[in-house]
Protein chains: 2
Amino acid sequence: MERQIPEVVVSRLPMYVRGLTELHKDGIDFINSKDLGYRFGMSSDQIRKDLSYFGKFGRQGRGYNVALLLDELRQILGLDRQWLMAIVGVGRLGRAILDYRGFIPRGFKIVAAFDKDSDVIGERVSGVVIQDMAELEIGVIEKKVDIAIVAVPSTEAQEVINKLVRSGIKSILNYAPICANAPEGVRLESIDPVLALQSMTYYLAKNRDYR
Amino acid sequence: MERQIPEVVVSRLPMYVRGLTELHKDGIDFINSKDLGYRFGMSSDQIRKDLSYFGKFGRQGRGYNVALLLDELRQILGLDRQWLMAIVGVGRLGRAILDYRGFIPRGFKIVAAFDKDSDVIGERVSGVVIQDMAELEIGVIEKKVDIAIVAVPSTEAQEVINKLVRSGIKSILNYAPICANAPEGVRLESIDPVLALQSMTYYLAKNRDYR
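Rules used throughout
- Residues numbered from 1 in each chain as written.
- Chains lettered and ligands numbered in written order.
- Predicted model: local features only at pLDDT ≥ 70, side-chain atom pairs only at ≥ 80, totals over all residues.
- Heavy atoms only, no water.
- Helix = DSSP H or I, 4+ residues; strand = E, 2+ residues; numbered from the N terminus.
- Buried < 20%, exposed > 50% of the residue type's maximum accessible area, 1.4 Å probe, protein only.
- Contact = heavy atoms within 4.5 Å.
- Areas by Shrake-Rupley, 256 points an atom, 1.4 Å probe, with all protein chains shown as cover.
- Lys, Arg positive; Asp, Glu negative; His and termini not counted.
- Charge placed at Lys NZ, Arg CZ, Asp CG, Glu CD.
- Axes fitted to C-alpha atoms, helices over the stretch in contact; angles between N-to-C directions.
- Parallel < 35°, antiparallel > 145°, perpendicular 65-115°, else oblique.
- Left-handed = near helix turned anticlockwise from the far one by under 90°.
- Nonpolar A, V, L, I, M, F, W, Y, C, P; charged D, E, K, R; others polar.
- Salt bridge = Lys/Arg side-chain N within 4 Å of Asp/Glu carboxyl O.
- Least-squares fit on C-alpha atoms with pLDDT ≥ 70 in both.
- Arc of directions from axis to C-beta.
- Buried area = accessible area lost by both parts, 1.4 Å probe.
- Polar contact = N/O pair within 3.5 Å; in protein donor to acceptor, adjacent residues only side chain to side chain.
- Phe/Tyr/Trp six-rings, centres within 6.5 Å; stacked < 30°, edge-to-face > 60°.
- Lys NZ or Arg CZ within 6 Å of the ring centre and 35° of its normal.

Asks: Is there a simple way to explain the overall build of chain A in this structure?
Replies: Scanning chain A for helices and strands turns up eight helices and 10 strands. Counting only C-alpha atoms and orienting by the principal axes, one finds that chain A spans roughly 65 × 50 × 35 Å. Scored against the burial criterion, the 211 residues of chain A give a buried share of 49%. Of all intrachain contacts in chain A linking residues separated by at least 6 positions in sequence, the fraction that spans at least 24 positions is 57%. Only carbon and sulfur atoms are counted for the fraction: they give 48% of the accessible area of chain A, which is about 10,400 Å². Across chain A, the mean location of the 29 positive side-chain charges is 6 Å away from that of the 27 negative side-chain charges.

Structure follows, in structure tokens:
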């Protein structure tokens, strides 16, 4: 797979994996691009184009082999192994993330947690002992952390991200509602529910008199 | 603003609003597309193209007027008013969402909460009294809910979404990790941290020997 895959295509692959996993569980062996498109709210053209980056899975008339395509996509995305994560910030949000049951079945495990509040350092949350934030840079190296999750207040988020970058972390999932920056070579994704809400209100506002 | 704005552009506007709000707070009155691009990790071409949908804010040499552009974008996105939200599912995740301090300052208020667990019905969480799920369809109408947040387990999420649609809700933010469906005319956005993680692992896997 030396061919360069566009970033937008990569960003859609996890959605394909999720959909194909459901199809596989339902005992569906083949699916055509039209039905896949219906499932994902996308055109069948776009789906054929996206999947054309990954060899020939479709067969005229029969559609895609669900199991084969799923295997290949999982391998391309590196989901054939477990990834180790650290969480930084163990307040309300950090605890909800530590408690989240959706990580382990999909190959992600939180193995370290950091906070600066001396009241919580040493406490065990969902099987992980909270360490002192001062140990962050050495801790993520010791625990062989692949991905860091940032759940500290907005005012501290960029500083934490800088520290993580210095300790060699290449992937960061940020929950703080800031315009976070990371140097080239570091993937930084942000989860901000308000951003999703704010693009929905565009459509609500346009149809303000809908009821 | 009768001109049709492409969906991808709409989805980027909240990010512009967030960035411009920070600039405005920092006392910056004008910014050019190159500096905006640096801030957002986007090309200045793309930014000029996106903003060209909204009239002429840029001035040769001086750049964009931050306050004017911010006002206009907020108005386009319908952020010049408060939107009322209901949360469905008040488990660990639902409570973290109810506790989230980022909604109110950005124009979103949770005014109703629903759960099917009789042990929590009637309990007050972050100022909202949890109602019986059986009252969902009438409750969202009574409370004039604009947007519903779905935080129930995966197995129940689609059914809850169907109920919300039946009661006239046009915007749904879904936290359950499923391929959720909604009919045309209803905006459905999903928050799934694992999807963001899974596209990051593509880059980690490609550079597997990075340390």
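Asks: Where do I start with the packing of helix H1 (residues 7-25) of chain B against helix H3 (residues 44-51) of chain B in this structure?
Replies: Geometry of a packed helix pair, given as the angle between the helix axes and the separation of the axes. All names here are of chain B. Where H1 contacts H3, the two axes come as close as 11 Å, and the packing angle between them is 105°. The orientation of H1 relative to H3 falls into the category roughly perpendicular. Contacts from Val9, Arg12 and Tyr16 of H1 reach H3 at Gln46, Ile47, Asp50 and Leu51.

Asks: Please clarify how the packing of helix H1 (residues 7-25) of chain A against helix H8 (residues 193-206) of chain B should be interpreted in this entry.
Replies: Packing of H1(A) against H8(B) brings their axes to within 9 Å, and their N-to-C directions diverge by 125°. Classified by the interaxial angle, the pair formed by H1(A) and H8(B) is oblique. Classified by chirality, the crossing of H8(B) by H1(A) is right-handed. Listed contacts from H8(B) to Glu7(A), Val10(A), Ser11(A), Pro14(A), Met15(A) and Arg18(A) of H1(A) are Leu195(B), Gln198(B), Ser199(B), Tyr202(B) and Tyr203(B). Here the residues of the contact of H1(A) with H8(B) are counted per class, giving six nonpolar, three polar and two charged.

Asks: It is not clear to me how the pattern of salt bridges should be interpreted in this structure. Could you clarify?
Replies: Side-chain pairs of opposite charge can arise where the charged atoms are in close proximity. In total, this model carries 16 salt bridges over all chains according to the counting rule given. Its salt-bridge partner being Asp192(A), residue Arg18(B) comes within 2.9 Å of it at the nearest N-O pair. Here Arg18(B), found in helix H1, pairs with Asp192(A), found in the loop between strand S10 (187-190) and helix H8 (193-206), and the two come from separate chains. Judged on exposure class, the residue Arg18(B) and its partner Asp192(A) are both buried.

Asks: How should I be thinking about the side chain of Gln131(A) in this particular structure?
Replies: All names here are of chain A. Position of Gln131 relative to the elements: it lies in strand S7 (residues 128-132). Accessibility expressed as a relative area gives 15% for Gln131, which makes it buried. When neighbours within four sequence positions are excluded, Gln131 is seen to be in contact with Ala112, Ala113, Phe114, Asp115, Ile121 and Lys143.

Asks: Can you walk me through the relation of the copies chain A and chain B in this structure?
Replies: One chain copy maps onto the other through a rotation about an axis and a shift parallel to that axis. Mapping chain A onto chain B calls for a screw motion: a turn of 180° about the axis and a shift of 0.0 Å along it, with 0.0 Å RMSD after fitting. What the rotation and shift describe, once combined, is the action of a two-fold rotation axis. Scanning chain A for the C-alpha nearest the rotation axis identifies Ala96(A), at a separation of 3.2 Å. Both copies contact each other with a shared surface, as 100% of the interface residues of chain A are interface residues in chain B too.

Asks: Quick question: what am I supposed to make of helix H2 (residues 33-40) of chain A here?
Replies: Along an α-helix, residues three or four positions apart point the same way, because every turn accommodates 3.6 residues. Residues and elements named next belong to chain A. When H2 is considered as a whole, its buried residues turn out to be Ser33, Leu36, Gly37 and Phe40. Down the axis of H2, the sector holding all buried residues measures 100°, keeping them to one side. Relative to its buried face, H2 has exposed residues pointing more than 90 degrees away, namely Lys34 and Tyr38. Looking at the buried positions of H2, the neighbouring elements they touch are H1, strand S1 (30-31), helix H3 (44-51) and strand S3 (63-65).

Asks: Would you take a moment to explain the interface of chain A and chain B for this structure?
Replies: It is common to give the size of an interface as the accessible area that goes away when the parts come together. With 64 residues of chain A at the interface, the matching set in chain B holds 64 residues. Of the roughly 6,200 Å² buried between chain A and chain B on both sides combined, carbon and sulfur atoms contribute 63%. Looking only at chain A, the three residues that lose the most surface to chain B are Arg18(A), Met200(A) and Tyr202(A), adding up to 11% of its buried area. Across the contact surface, chain A and chain B share four salt bridges. The shortest N-O distance in the salt bridge between Arg106(B) and Asp192(A) comes to 3.1 Å. For the pair chain A and chain B, the interface holds 10 residue pairs in polar contact (both at pLDDT 80 or more). Of all the secondary-structure elements, those providing two or more residues to the side of chain A that touches chain B are H1, H2, strand S4 (83-88), helix H5 (92-99), strand S9 (171-174), S10 and H8 of chain A.

Asks: I tried to follow the packing of aromatic side chains on my own but got confused; where do I start?
Replies: The description of an aromatic ring pair uses the distance of the two centres, along with the angle that the planes make with each other. Going through the model one piece at a time under the given rule, you end up with four aromatic pairs over all chains. Aromatic pair Tyr202(B) and Tyr203(B): ring centres 4.9 Å apart, planes at 85°, arrangement edge-to-face. Each of the two residues, Tyr202(B) as well as Tyr203(B), counts as buried. When the ring centre of Tyr203(B) is taken as origin, the NZ or CZ atom of Arg187(A), which lies over that ring, is 3.7 Å away. Positioned over the ring face of Trp83(B) is Arg81(B), at 3.7 Å from the centre of the ring.

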